[in-house]
Amino acid sequence: MSGRDLELVSVTKRFGDFTAVDDLSLTMPSGSFFALLGPSGCGKTTMLRIIAGLESPSAGRVFIGGEDITATRAHQRPVNTVFQSYALFPHLDVIENVAFGLRRRREKHVVERAMAALDLVELRHLAGRKPAQLSGGQQQRVALARALVNNPAVLLLDEPLGALDLKLRRQMQVELKRIQDEVGLTFVHVTHDQEEAMTMADTVAVMNAGRIEQMGAPQELYDLPRTPFVANFLGRSNLLAGTVTDEHGGLLGVDVAGTRVQVPADRAVARSGAVLVGVRPEKVILLGADDPAPPGATALGPGTVADVSFAGVSTEYLVDVPGAGRMSVFAQNLTGVSATPGGTVRLAWSPQHAFALVDDGAPDDGTGEAVEAAELSEAAAP
Amino acid sequence: MTAALVVGHGTEVAGARRRSRTAWLLLAPGLLYLFVFFVAPVAVLLLTSLFERVPGGPVGATRPAFAVSNYVDAVVTYAPQFGRSFLYAFIATVLALAIGYPLAYVIGVRCRTRPLLQGVLLVLVIAPFFTSFILRTIAWKQILADDSVVVSVLKTVSLLPDDARLTATPVAVVAGLTYNFLPFMTLPVYASLERLDLRLVEAGGDLYATPISTFRHVTLPLTMPGIVSGSLLTFIPAAGDYVNSALLGNAGTSMVGNVIDSRFFRVVDYPTAAALSVILMAAVLLLVAWYVRRSGTEDLL
Ligand SMILES: Nc1ncnc2c1ncn2[C@@H]1O[C@H](COP(=O)(O)OP(=O)(O)O)[C@@H](O)[C@H]1O
Ligand SMILES: [Mg+2]
């Protein structure tokens with residue numbers, strides 16, 4: 001049992017004059033767990049449908065295991081899909097739903113194999129039920145078994161966990177990961193949940209408006225986003241607008257509203273001109289108004305605490321820094337509350353955690369207040 | 001406290017009683033209608049079917065009796081007409097399905113993204129109902145007449161021998177039945193195809209089913225309720241029909257409906273006519289029960 005690699009070359013899909021998938025190329029290695037992450041409407045489902053053969057691309061080619069399958073029809077492709085809506089056949093019972101693909105291919109030992117697939121998702125005892133008699137989570141597992149049993153070269157999962165509640169979702173994530181390890185197929189998992197993408201996948205591709213913004217291992221993507229969209233879609237970031245002033249010993253000096261901020265040159269998308277300096281909220285520490293910054297750290301402020309929200313494991317502080325905008329800070333609750341709304345604080349972080357991006361003018365998803373604030377202050381500057 | 005409980009309980013019971021009285025009141029017109037126009041006539045029909053002829057009496061004179069022999073005589077004498085009724089109705093139902101299903105598929109599935117076209121096509125399906133059943137059948141008589149375009153074209157292309165004709169043949173009767181009951185097939189099938197979830201059809205393709213196989217294993221079973229109700233709505237009235245045979249056929253195509261018609265209104269043989277009606281009803285009921293059970297759609301109907 002093993003998957004085959006999947007390759008898309010310059011795939012474009014237009015609906016009328018709307019481009020849903022825009023000149024997209026990527027390779028998913030055989031046996032990998034690939035997550036496609038993006039906001040709703042960015043073209044994820046369309047891309048899966050092109051791979052499955054349910055939609056034909058306006059341009060570009062699709063290869064599986066090196067073989068061009070662009071012109072073949074859905075039933076001829078070694079690909080199975082777990083649909084967003086599950087699409088279980090309501091007139092067939094669970095076992096016949098699972099056996100459907102095997103029967104169409106006239107395989108042997110159909111019932112045994114379907115039962116084995118039901119074992120894998122722990123639903124053997126419900127084999128005789130109709131889909132309407134199952135809960136959402138059970139239907140999802142039947143849909144998974146129905147696809148897995150065919151041992152496809154590539155398994156496509158279109159937000160399969162979207163309809164489940166949080167607890168079941170986490171449980172199914174672990175389950176899916178276990179099954180993928182067990183069967184070794186190439187999984188393409190579409191989701192708009194960044195936590196889900198990061199915990200499950202070997203490779204995450206962040207998609208926006210029909211394009212892949214960035215692709216890589218989850219840690220890599222989180223640690224070093226290359227576009228403002230990725231910086232704020234995968235976790236959150238504080239983005240500060242500034243101008244590069246100098247470069248010394250591998251460190252860029254950036255002027256942010258009169259404060260000198262440092263960024264490693266190899267973590268910068270551009271080494272001159274206007275940049276956005278980014279730092280993750282959990283990498284920022286709060287200092288009292290008169291506390292000295294740790295040696296080598298970048299310090300910003302003083303600023304005013306605008307809001308404090310306690311979230312159990314951590315507390316989020318929103319700090320308004322004149323000229324830099326609103327910054328978000330996650331502090332672990334080690335020493336109790338150290339700042340109150342209206343208080344004056346300073347912020348500090350290690351330059352190794354900073355990164356520099358180029359503002360591409362792309363709309364972000366609204367989670368990054370820092371970007372808006374930064375843009376405002378930039379517009380106000382002479 | 002106890003008093004309040006008792007009072008509360010009392011009003012509740014009264015409320016329930018009032019509610020059930022309202023239900024009966026609402027049902028009353030329907031029940032009355034059913035009794036006057038269904039239960040009573042069927043009872044009279046059953047009684048009449050057992051009457052016997054007054055020996056030596058005037059034409060049509062009967063008297064109450066328990067003449068079960070009426071049934072035996074009716075079946076023995078009119079077996080060919082029974083056979084023809086069910087055969088013609090069966091062929092017409094199959095043809096109506098063969099024509100109606102693709103029609104309904106085009107309207108209900110292919111035109112789904114174009115509601116305007118869908119509406120226009122549906123109106124066209126129902127349009128024949130705008131003129132009377134009899135008039136439409138007479139029109140068919142014209143269409144299939146010996147000197148009509150249809151016949152001369154068929155003769156020119158040698159599909160029909162030179163001395164053949166279409167009117168007064170079983171072909172004309174079945175064609176008339178098919179045409180007249182086509183909307184009864186098309187509409188229920190359309191209703192189930194309209195509701196068909198196309199994502200299931202896609203799932204079929206995703207699971208290695210060819211388009212034909214997807215149709216056979218997904219579309220067809222899911223639209224079975226429409227097919228069952230459509231064929232019942234076509235078969236039942238077609239089996240009892242006499243207009244098509246009377247206008248488009250001849251003595252050799254007469255169906256049970258024609259016999260009942262002539263027994264009631266020409267020969268004034270009420271017991272035989274009544275017995276034939278009861279047999280027809282019973283036979284149709286049995287066939288329907290068998291069919292519904294066979295197609296496994298009891299729970300869907
Ligand atoms: N058949 C279609 N006709 C027109 N537009 C479509 C069609 N399918 C999808 N789209 C559009 O393409 C975009 C991407 O859709 P989709 O791939 O479903 O997004 P996602 O799965 O990422 O939420 C959406 O804006 C959607 O409106
Ligand atoms: Mg989608």
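Residues numbered from 1 in each chain as written. Chains lettered and ligands numbered in written order. Predicted model: local features only at pLDDT ≥ 70, side-chain atom pairs only at ≥ 80, totals over all residues. Heavy atoms only, no water.

A look at the pairing of strand β19 (residues 344–349) of chain A
All names here are of chain A.
Link 1 in the chain: Where burial is concerned, most of β19 is hidden: five out of the six residues are buried.
Link 2 in the chain: Note that strand β16 (residues 298–310) and β19 share five bridges and pair antiparallel. Bridged to T304 within β19 is T344. (Buried < 20%, exposed > 50% of the residue type's maximum accessible area, 1.4 Å probe, protein only. Helix = DSSP H or I, 4+ residues; strand = E, 2+ residues; numbered from the N terminus. Pairing = 2+ DSSP bridges.)

A closer look at the domain arrangement of chain B
Residues and elements named next belong to chain B.
Link 1 in the chain: The domain architecture assigned to chain B consists of domain 1 (2–49) and domain 2 (69–300).
Link 2 in the chain: Of note, the centres of domain 1 and domain 2, computed from C-alpha atoms alone, are 38 Å apart.
Link 3 in the chain: The contact between domain 1 and domain 2 buries some 540 Å² in all, and 77% of this surface belongs to carbon and sulfur atoms.
Link 4 in the chain: The largest per-residue losses of area from domain 1 upon contact with domain 2 belong to L45, T48 and S49, which jointly make up 82% of the total buried on that side.
Link 5 in the chain: Remark: the boundary between domain 1 and domain 2 carries zero salt bridges.
Link 6 in the chain: On the surface where domain 1 and domain 2 come into contact, there are two residue pairs in polar contact (both at pLDDT 80 or more). (Domains from an automatic or database assignment. Buried area = accessible area lost by both parts, 1.4 Å probe. Salt bridge = Lys/Arg side-chain N within 4 Å of Asp/Glu carboxyl O. Polar contact = N/O pair within 3.5 Å; in protein donor to acceptor, adjacent residues only side chain to side chain.)

Some points on the nonpolar core
Nonpolar side chains tend toward joint burial in soluble globular proteins.
Link 1 in the chain: One finds V98, L118, L144, L148, F187, V204 and V206 of chain A to be the most contacted residues of the largest nonpolar core, which totals 49 residues.
Link 2 in the chain: Residue contacts for V98 of chain A: discarding those within four places in its chain leaves A114, A117, L118, V142, A145, R146 and V149 of chain A.
Link 3 in the chain: Counting 38 residues, the second largest nonpolar core, distinct from the first, contains L36 and V188 of chain A together with L200 and V218 of chain B. (Core = buried A, V, L, I, M, F, W, Y, C linked by side-chain atoms within 4.5 Å. Contact = heavy atoms within 4.5 Å.)

Notes on the interface of chain A and chain B
Link 1 in the chain: Chain A puts 25 residues into the contact, and the matching count from chain B is 17 residues.
Link 2 in the chain: Interface area lost by chain A to chain B is led by H75, H91 and R104 of chain A, which between them contribute 32%.
Link 3 in the chain: Viewed at the interface, chain B and chain A are joined by one salt bridge.
Link 4 in the chain: Close ionic contact of E202 of chain B with R49 of chain A constitutes a salt bridge, the shortest N to O distance being 2.7 Å.
Link 5 in the chain: The interface formed by chain A and chain B includes eight residue pairs in polar contact (both at pLDDT 80 or more).
Link 6 in the chain: At the level of elements, α1 (44–52), β6 (79–82) and α2 (94–104) of chain A are the ones that each hand at least two residues to the side of chain A that touches chain B.

Comments concerning the sheet that holds strand β4 (residues 59–64) of chain A
Link 1 in the chain: An order of β2-β1-β4-β5 (chain A) is seen for the four strands of this open sheet, with the pairing classed as antiparallel. A strand with exactly one partner marks an edge of an open sheet, and here the two such strands are β2 (18–28) and β5 (67–68) of chain A.

What to know about the packing of helix α2 (residues 69–110) of chain B against helix α6 (residues 170–195) of chain B
All names here are of chain B.
Link 1 in the chain: Where α2 meets α6, the closest approach of the two axes is 6 Å, and the angle between their N-to-C directions is 40 degrees. Relative to α6, α2 is oriented oblique. By crossing handedness, the relation of α2 to α6 is classed as right-handed.
Link 2 in the chain: A breakdown of the residues in the contact of α2 with α6 according to their chemical character gives 22 nonpolar, five polar and one charged. (Axes fitted to C-alpha atoms, helices over the stretch in contact; angles between N-to-C directions. Parallel < 35°, antiparallel > 145°, perpendicular 65-115°, else oblique. Left-handed = near helix turned anticlockwise from the far one by under 90°. Nonpolar A, V, L, I, M, F, W, Y, C, P; charged D, E, K, R; others polar.)

What about the confidence of the model for chain A?
All names here are of chain A.
Link 1 in the chain: Taken over all residues, the pLDDT of chain A has a mean of 87, while the share at 70 or more is 92%.
Link 2 in the chain: By mean pLDDT, helix α9 (residues 369–380) is the weakest element of chain A at 39, and α2 is the strongest at 96.
Link 3 in the chain: This model gives residues 364–382 a pLDDT under 50, and the stretch forms 23 contacts once residues within four places in sequence are excluded. (pLDDT = per-residue confidence, 0-100.)

Quick word on the packing of α2 of chain A against helix α3 (residues 110–120) of chain A
Residues and elements named next belong to chain A.
Link 1 in the chain: Close contact between α2 and α3 brings their axes to 9 Å; oriented N to C, the two are set at 120 degrees. The angle between the axes of α2 and α3 places the two elements in the oblique class. In this structure, α2 crosses over α3, and the sense of that crossing is right-handed. Contacts from V94, I95, V98, A99, L102 and R103 in α2 reach V110, V111, R113, A114, M115, A117 and L118 in α3.
Link 2 in the chain: Taken together, the residues of the contact of α2 with α3 break down into 11 nonpolar, no polar and two charged.

What to know about the sheet that holds strand β7 (residues 154–158) of chain A
All names here are of chain A.
Link 1 in the chain: Taken in spatial order, the six strands of this open sheet run β6-β7-β8-β3-β9-β10, and their pairing is mixed. In the strand order of this sheet, the two ends are held by β6 and β10 (211–216), each with one partner. In this sheet, neighbouring strand axes are inclined to one another by 20 degrees on average, regardless of whether the strands run parallel or antiparallel.
Link 2 in the chain: Sheet topology note: the strand β3 (residues 33–37)/strand β9 (residues 203–208) ladder contains four bridges and is parallel. Residue L37 lies in a different strand from β9, and its bridge partner there is V206.
Link 3 in the chain: Against the sheet, helix α5 (residues 166–183) touches β3, β7 and β8 (186–191), its axis set at about 160 degrees to β8.

Quick notes on the pattern of salt bridges
Link 1 in the chain: Here the structure, examined in full by the defined rule, presents 27 salt bridges over all chains.
Link 2 in the chain: For D320 of chain A, the salt bridge goes to R326 of chain A, with nearest N and O atoms at 3.0 Å.
Link 3 in the chain: We classify D320 of chain A as partly exposed; its relative accessible area is 30%.
Link 4 in the chain: Sharing partners across several salt bridges, the network here consists of R49 and E55 of chain A together with E202 of chain B.

Some points on the side chain of S49 of chain B
All names here are of chain B.
Link 1 in the chain: Locating S49 in the fold gives a position in the loop between α1 (2–48) and β1 (52–53).
Link 2 in the chain: Here L46 takes part through its backbone oxygen, which lies 2.6 Å from a polar atom of the side chain of S49.
Link 3 in the chain: Contact partners of S49, with chain neighbours within four places excluded, come to A67, N70, Y71, P271, A274, A275 and V278.

Here we look at the packing of aromatic side chains
Each aromatic ring pair is described using two quantities: the centre-to-centre distance and the angle formed by the ring planes.
Link 1 in the chain: The tally for this structure, following the rule as stated, stands at 12 aromatic pairs over all chains.
Link 2 in the chain: Measuring from ring centre to ring centre gives 4.5 Å for F89 of chain A and F100 of chain A, while their planes differ by 40 degrees; the resulting arrangement is tilted. With F89 of chain A in the loop between β6 and α2 and F100 of chain A in helix α2, this residue pair connects regions lying 11 residues apart in the sequence. Across the pair, exposure class does not vary: F89 of chain A and F100 of chain A are buried alike.
Link 3 in the chain: Their ring planes at 50 degrees and their centres at 5.3 Å tell us that W140 of chain B and Y179 of chain B sit as a pair that is tilted. Taken together, the residues W140 of chain B in helix α4 (residues 133–143) and Y179 of chain B in helix α6 connect sequence positions 39 residues apart.
Link 4 in the chain: Owing to a relative accessible area of 26%, Y179 of chain B belongs among the partly exposed residues under this scheme.
Link 5 in the chain: These aromatic residues form a ring-pair network of at least three members: F129, F133, F181 and F184 of chain B.
Link 6 in the chain: For R104 of chain A, the ring lying beneath its charged end belongs to F100 of chain A, and the centroid distance is 4.6 Å.
Link 7 in the chain: Residue placement shows R105 of chain A over the ring face of Y208 of chain B; its charged tip is 4.1 Å from the ring centre. (Phe/Tyr/Trp six-rings, centres within 6.5 Å; stacked < 30°, edge-to-face > 60°. Lys NZ or Arg CZ within 6 Å of the ring centre and 35° of its normal.)

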